[in-house]
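Listed here are the chains, written in short residue letters.
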Amino acid sequence: MDKKVLNKMLRPKSVAVVGASATPGKIGYSVISNLLKDGYKGKIYPINPKESEILGVKCYAELKDVPGEIDSAVMCVPAKAMVEMTEECGKKGVKGLIVITSGFSEIGRKDLEDEIVNIAKRYGMRILGPNIVGSLSNSDKFNGSFCPSLPLPGKASLVSQSGALLIALAMATWTRKVGFDKLISIGNMADVDFADLIEWFNDDEDTSCVSLYIEGLKNGRRFIDAAKNSKKPIIALKSGVSAHGAAAAASHTGSLAGAAKVYGSAFKQACVIQASDLDNLFDRTLGLSSQPPMKGDNLLVLTNGGGVGVLATDAAERYGIPLKFAPEDVQAEMKKHMPEFGSAKNPVDMTGMAGNEWYYETVKYAISNKWTDGLVILYCETSITNPHEIAESIKRAIDDSGVKNKPVTVSFVGGDRSNEAIAWLNEHGIPAFFAPDVAVNVIAALREYAILQEQKNNIHVKPNEKAMKKSMEIIEAARKDGRTALTEIEAKAIFEAYGMPTTKIALAKTEEEAIAAAKKIGYPIVMKIVSPDILHKSDAGGVKVNIKDEAAAREAFNTIMKNAKAYKADANIHGIAVQEMAPWGTEVILGSINDPTFGPTLMFGLGGIFVEVLKDVTFRVSPVSSVEAMDMINEIKGAKILAGARGEAPRDRKALANAIVNYSSMILDLKDEIAESDANPFLVYAEGEGLKVADARIILKKK
Ligand code: ADP
Ligand code: MG
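Residues numbered from 1 in each chain as written. Chains lettered and ligands numbered in written order. Predicted model: local features only at pLDDT ≥ 70, side-chain atom pairs only at ≥ 80, totals over all residues. Heavy atoms only, no water.

Turning next to the overall build of the protein. Looking only at helices and strands, the protein features 24 helices and 29 strands. Along the first, second and third principal axes, the C-alpha set of the protein runs to 95 × 80 × 40 Å. Per-residue burial for the protein yields a buried fraction of 57% across its 703 residues. Once local pairs closer than 6 in sequence are excluded, the contacts in the protein between residues at least 24 apart make up 71%. Counting every atom, the protein has about 28700 Å² of accessible surface; 53% of that belongs to carbon and sulfur. Once the 85 positive and 87 negative side-chain charges of the protein are each reduced to a mean point, those two points are 3 Å apart. (Helix = DSSP H or I, 4+ residues; strand = E, 2+ residues; numbered from the N terminus. Buried < 20%, exposed > 50% of the residue type's maximum accessible area, 1.4 Å probe, protein only. Contact = heavy atoms within 4.5 Å. Areas by Shrake-Rupley, 256 points an atom, 1.4 Å probe, with all protein chains shown as cover. Lys, Arg positive; Asp, Glu negative; His and termini not counted. Charge placed at Lys NZ, Arg CZ, Asp CG, Glu CD.)

With that out of the way, let us pick up a nonpolar patch on the surface. Where nonpolar side chains cluster on the molecular surface, the patch consists of Ile609, Val613 and Leu614 and spans about 320 Å² of accessible area. Turning to its location among the elements, isoleucine 609 is positioned in helix H21 (residues 609-614). Since its relative accessible area comes to 58%, isoleucine 609 is described here as exposed. (Patch = residues over 30% accessible without salt bridge, like charges linked within 9 Å, V, L, I, M, F, W, Y side chains within 5 Å. Salt bridge = Lys/Arg side-chain N within 4 Å of Asp/Glu carboxyl O.)

Turning next to the layout of surface pockets. By volume, the largest pocket is sized at about 960 Å³. What lines the largest pocket is a set of 34 residues, among which Gly264, Lys268, Gln274, Glu448 and Glu635 lie closest to the centre. At the level of secondary structure, the elements contributing two or more residues to the lining of the largest pocket comprise helix H9 (259-269), strand E14 (272-274), helix H10 (278-290), helix H16 (436-455), strand E26 (617-621) and helix H22 (626-635). Sorting elements by how many residues they give to the lining of the largest pocket places H16 first, with 7 residues. Here the residues of the lining of the largest pocket sort into 12 nonpolar, 10 polar and 12 charged. (1 Å grid on protein atoms, 1.4 Å probe; cavity = no way out; pocket = protein on both sides within 12 Å on 5 of 7 lines; lining within 4 Å. Points joined across faces, edges and corners; volume = space filled by probe spheres on them. Nonpolar A, V, L, I, M, F, W, Y, C, P; charged D, E, K, R; others polar.)

As a further point, take the coordination of the magnesium ion (ligand 2). Put simply, a metal with four donors set out as a tetrahedron has ideal angles of 109.5 degrees, and one with six donors set out as an octahedron has ideal angles of 90 or 180 degrees. Looking at the magnesium ion (ligand 2), one finds its protein donor set to be Asn680 (O) and Asp695 (OD), positioned 2.3 Å from the metal centre. Taken as a pair, asparagine 680 in strand E27 (residues 674-684) and aspartate 695 in the loop between strand E28 (691-693) and strand E29 (696-700) lie far apart in primary sequence, 15 residues in all. With relative accessibility at 10%, the residue aspartate 695 sits in the buried group. (Donors = N, O, S within 2.8 Å, 3.2 Å for Na, K, Ca; no water.)

This is the structure we're talking about:
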């Protein structure tokens, strides 16, 4: 039902231009002129009480005067007229409003925006924008915008949160030879958002890949769901990676969670391929819109020049698909079309002697043999070859091979003739670029897409009722106390309820209670201050480790109390936590924030100096599957330390992955309660020996 409404909005059979104008230079004029100029075949109804016709098209004073049905209305009236006009559209039975008009939430008039959305809802209409350039569709010859022309036709579609950028990109499609079918300006996203369009594109047979320019998402979780279920590859360029209010964070995790990192992880979970800049967005769009995913790791590089071959080899390693030598039989076959001094290993170097024939034969074999999963073809302009002929040979070889399920990218390094060949290849559906680096980067995106699709799992975690009940008792008691900071003892009890092993712990209010607790737990012990007013206990001299006997325990008790009072005279001191001294292990940190866009989000990294100085951490939006948990463990820079570096035994990564999954359920179950949390340090032992939370922190949301 809703998709049909979007269909009518974005691929209308009839369109009204509300606020149409006969004055060149006005937006209401541009839209009419663009619809006509770009060959729109549907009905056009300009609406303006002062005109009888615009550019030869009959003009109507009011929407209700229009004789036929109206699918889509492009709104160009001033913001103050929008409420009335939206109502008029509703009464007329318009399906979708493309609201070019600005002057809404972008200047603080969210109220006005809400008003038009509410009216639209009442009539079952959808709103694109406001504050947009409009919407364009090549396959409908529909330029419902003030963008000067439709883009170069192609199979990708673009949704952009920036209007100006959309226009610029539309123009660039012609020079860069990257074609698009639909360009949709999304603006303030008062109603239709990225997720709606991703879902709509699933059934749009003219779109094979969706590119997004994102400044910020409104509902991160809905975006993840829609993108994850997309039948088509999605590429996103995200800008604006600073403001996140991270500075005010009370926990370590909060201060480490920049928007860039969280978005990056969320994109991964959503199977979205990222672009690093505008160039990269174009390049990767070209690849993903024309080539199949790369199903395995065997990348073969063909070249006529050693230098570009080495550059491609470096790039392959950089982009995560390092080259491997091709098997003997594959090498033997490729040896047939190169001189004695050529190399058939990988890169396959046919040498500067390679002409059309060798390119044809080698490309055909290289893509057909079983071993190859993807092919990068490089060419350096030479005096004995004609770039255009080489390009034709490549195209013919691919066509004749009949292979359609393996991606190919090309790099031609040379002058004008090579550039012309690049354009020719692109026009013929083979993504070609100047730099070898780019050809490899694009095929790496096709590999990444295949991997993300394989790993994709829609996990539905059930709440852990028992753990939730226990946690809520602790949380409610703290709230009654007027606190948002849980003590270590309270936080550890919640972690423990969620299946994360913590140190044995007891609260001692007096020296005698401490001695009794120590006896029960067994020496050596650790003693720490317990006060909701002292979050960083070491800073206050509130931690004593490796206490070996009763005399030391008595002394520690008194020193900690004294230090705490000296640190903060009016601190509310609950007592001292007497706890088991955990054997030393590899320190990691697990933490969480409640991200404004994505909700409960988990952080993992190596602890101690690694987190303090190197910020070697990674994020995932909760819930996290066990596969994703392993991914987190393997993707930090310090992964080798956990794998067992320098002859050390590997750490218990299975138990760690399990803890990550449990932590993720904890923050999801308690998302309305927990603002931030961390387990720091979380000590990980050798394989099979598990792990233990040595310090725990939970900060509650203010209510
Ligand atoms: P802070 O509030 O300063 O973060 P912690 O509880 O993390 O205090 O204690 C500081 C350090 O003491 C930890 O980083 C860890 O090295 C050590 N430590 C704390 N608790 C234990 C424990 N139960 N067993 C072993 N070492 C511990
Ligand atoms: Mg700590």
